[in-house]
Amino acid sequence: MIRACVVGWPISHSRSPMIHGHWIETFGIDGAYGREAVAPEDFAGFITTLADRGYAGCNVTLPHKEQALAMVEDADAAARAVGAVNTVWLEGGRLRGANTDVPGFLASLDASAPGWDSGLDHAVVLGAGGAARGIVHGLIERGAGIVTVANRSADRAERLVSDHPVGRISATALADVGPALQTADLLVNTTSLGMKGQPALDLPLDSLKSSALVTDIVYVPLETDLLRAARLRGHPTVGGLGMLLHQAVPGFARWFGRTPAVTTALYDLVAADIGRS
Ligand code: NDP
């Protein structure tokens, strides 16, 4: 039996077992995917004994993603750019790591808004946290002309901007993002604003370029107020659940040897669980 898991602290909230369990069942694989609650002080001991514990690999979630980068022998370019690993596997006895949030975000847009990246002259990213770091990296990789990072804390936005080529990216205060919206081909919310239990994202869309694609990586609720407002103004929109599902694909392929599809059935399964929560 092939076994994998998600490691975090706490971990009971994770929907990864539902996603991977669906694929294990779909393929009829003799496998299992579980949860491991591991405290920060125990993470290094856990990750270096994955094989002894019978695991082919694992997903890593809060608060261990940065430590995971330090623990793996080899990390992919996205993980190094973001400074965090969320997927670990064993190859020839060596620990390898990747950040699959980046390809997950891009794949979700590819699936829901094909062609979104052609003529992407200007992208506006709200937020400068861990998720924004990956998304900015992905957008620049995909050839975005200019990326504007708008964040509440100016210094965090400046730090993110300073890691990228001069001229391709700039920072602004979240409260001053209005003018940037006029030329935005893509607007991405990566702040936690609008998530269930968090304050609302108060962002007037009046100045937003009429053809702009609007996406929110928050997925609880499935349609955030931002997405709803954008949809009512006639913008194409993409919700955050697709990113969560697509980021799980590379890990499953590594551990279980089959590349799964993000199907409507899987989307509906997880969406129903979010609806119940
Ligand atoms: P971080 O904590 O690293 O960053 C949070 C961001 O939200 C920062 O930019 C922060 O601004 C901003 N923010 C938080 N509270 C406020 C507020 N009251 N007013 C203005 N800005 C605020 O979190 P992550 O980047 O890891 O995650 C962000 C969101 O993305 C979460 O909701 C998470 O669930 C979601 N997510 C979804 C994924 C998916 O697969 N769909 C994957 C990863 C994350 P500041 O710097 O000023 O504090």
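As shown above, the structure is provided for reference.
Residues numbered from 1 in each chain as written. Predicted model: local features only at pLDDT ≥ 70, side-chain atom pairs only at ≥ 80, totals over all residues. Heavy atoms only, no water.

J.: It is not clear to me how the site of the ligand should be interpreted in this structure. Could you clarify?
T.: Around the ligand sit 21 residues, and of these Ala 131, Asn 151, Arg 152, Ser 153 and Ile 217 come closest. Here an oxygen atom of the ligand and a side-chain polar atom of Ser 153 are 2.4 Å apart. Residue Ile 217 places a main-chain N or O atom 2.9 Å away from a nitrogen atom belonging to the ligand. For the ligand, the accessible surface in isolation is 930 Å², of which the surrounding protein chains cover 76%. Of all elements in the fold, only α6 (130–141) and α10 (241–247) reach the threshold of two or more residues within the shell around the ligand. The class makeup of the residues in the shell around the ligand is 10 nonpolar, 9 polar and 2 charged. (Near = heavy atom within 4 Å. Polar contact = N/O pair within 3.5 Å; in protein donor to acceptor, adjacent residues only side chain to side chain. Areas by Shrake-Rupley, 256 points an atom, 1.4 Å probe, with all protein chains shown as cover. Helix = DSSP H or I, 4+ residues; strand = E, 2+ residues; numbered from the N terminus. Nonpolar A, V, L, I, M, F, W, Y, C, P; charged D, E, K, R; others polar.)

J.: Which parts of the structure should I look at to understand the pairing of strand β6 (residues 94–98)?
T.: The two faces of the sheet receive side chains in turn, since in a regular strand these alternate between them. Note: strand β4 (residues 74–75) against β6, 2 bridges, orientation parallel. Bridge pairing in β6 links Ala 75 to Gly 97. Relative to β6, strand β5 (residues 87–91) is paired through 5 bridges, and the arrangement is antiparallel. Bridge assignment links Glu 91 to a residue of β6, and that residue is Arg 94. Taking the residues that link successive antiparallel strands as the turn, the β5-β6 hairpin has 2 residues, and the phi of Gly 92 there is positive, at about 60 degrees. (Pairing = 2+ DSSP bridges.)

J.: Even after reading the chapter, I still don't get the environment of Ala 184, so can you show me in this structure?
T.: Inspection of the secondary structure puts Ala 184 in the loop between α8 (178–181) and β10 (186–189). It is 18 Å that separates the C-alpha atoms of Ala 184 and Asp 110, two residues lying 74 residues apart in sequence.

J.: In this structure, what is going on with the packing of aromatic side chains? I would like to understand it.
T.: To describe a pair of aromatic rings, you give the distance between the ring centres and the angle between the ring planes. Taken as a whole and judged by the stated rule, the model has 6 aromatic pairs. Arranged with centres 5.5 Å apart and planes meeting at 70 degrees, the rings of Trp 23 and Phe 252 form a pair that is edge-to-face. On the criterion of sequence distance, the pair formed by Trp 23 in helix α1 (residues 16–27) and Phe 252 in helix α11 (residues 249–256) is long-range, its members being 229 residues apart. Overall, the relative accessible area of 0% leaves Phe 252 in the buried class. With a centroid separation of 6.4 Å and 85 degrees between ring planes, the pair formed by Trp 255 and Phe 256 is classed as edge-to-face. When sorted by exposure, Trp 255 lands in the same class as Phe 256, which is buried. Here the aromatic residues Trp 23, Phe 27, Tyr 33, Phe 252, Trp 255 and Phe 256 are joined through ring pairs into a cluster of three or more. Its guanidinium or amino end placed over the ring of Tyr 55, Arg 3 lies 4.5 Å from that ring's centre, counting from NZ or CZ. (Phe/Tyr/Trp six-rings, centres within 6.5 Å; stacked < 30°, edge-to-face > 60°. Buried < 20%, exposed > 50% of the residue type's maximum accessible area, 1.4 Å probe, protein only. Lys NZ or Arg CZ within 6 Å of the ring centre and 35° of its normal.)

J.: Whenever I open this one, the packing of α1 against α11 confuses me. Can you help?
T.: If you want to describe how two helices pack, look at the angle between their axes and the distance between the axes. Remark: α1 packs on α11, axes separated minimally by 11 Å, with the N-to-C direction vectors making an angle of 50 degrees. When the axis of α1 is compared with that of α11, the two are oblique. Seen along the crossing, α1 lies across α11 with a hand that is right-handed. Between α1, through His 20, Trp 23, Ile 24 and Phe 27, and α11, the contact on the second element is made entirely by Val 249, Phe 252, Trp 255 and Phe 256. A class-by-class count of the residues in the contact of α1 with α11 yields 7 nonpolar, 1 polar and no charged. (Axes fitted to C-alpha atoms, helices over the stretch in contact; angles between N-to-C directions. Parallel < 35°, antiparallel > 145°, perpendicular 65-115°, else oblique. Left-handed = near helix turned anticlockwise from the far one by under 90°. Contact = heavy atoms within 4.5 Å.)

J.: How do you make sense of the sheet that holds strand β12 (residues 237–238) when you look at a structure like this?
T.: By definition, the strands of a sheet pair up through backbone hydrogen bonds, in either a parallel or an antiparallel sense. Strand order across the open sheet formed by 6 strands is β9-β8-β7-β10-β11-β12, with parallel pairing between neighbours. The two strands at the open ends of the sheet, each matched to only one other strand, are β9 (169–173) and β12. Of the pairings in the sheet, the one linking strand β7 (residues 122–126) to strand β8 (residues 146–151) comprises 5 bridges and is parallel in character. Directly across from Val 124, in β8, lies its bridge partner Thr 148. Here helix α9 (residues 225–232) sits on the sheet and contacts β10, β11 (213–216) and β12; the angle it forms with β11, its principal contact strand, is near 165 degrees.

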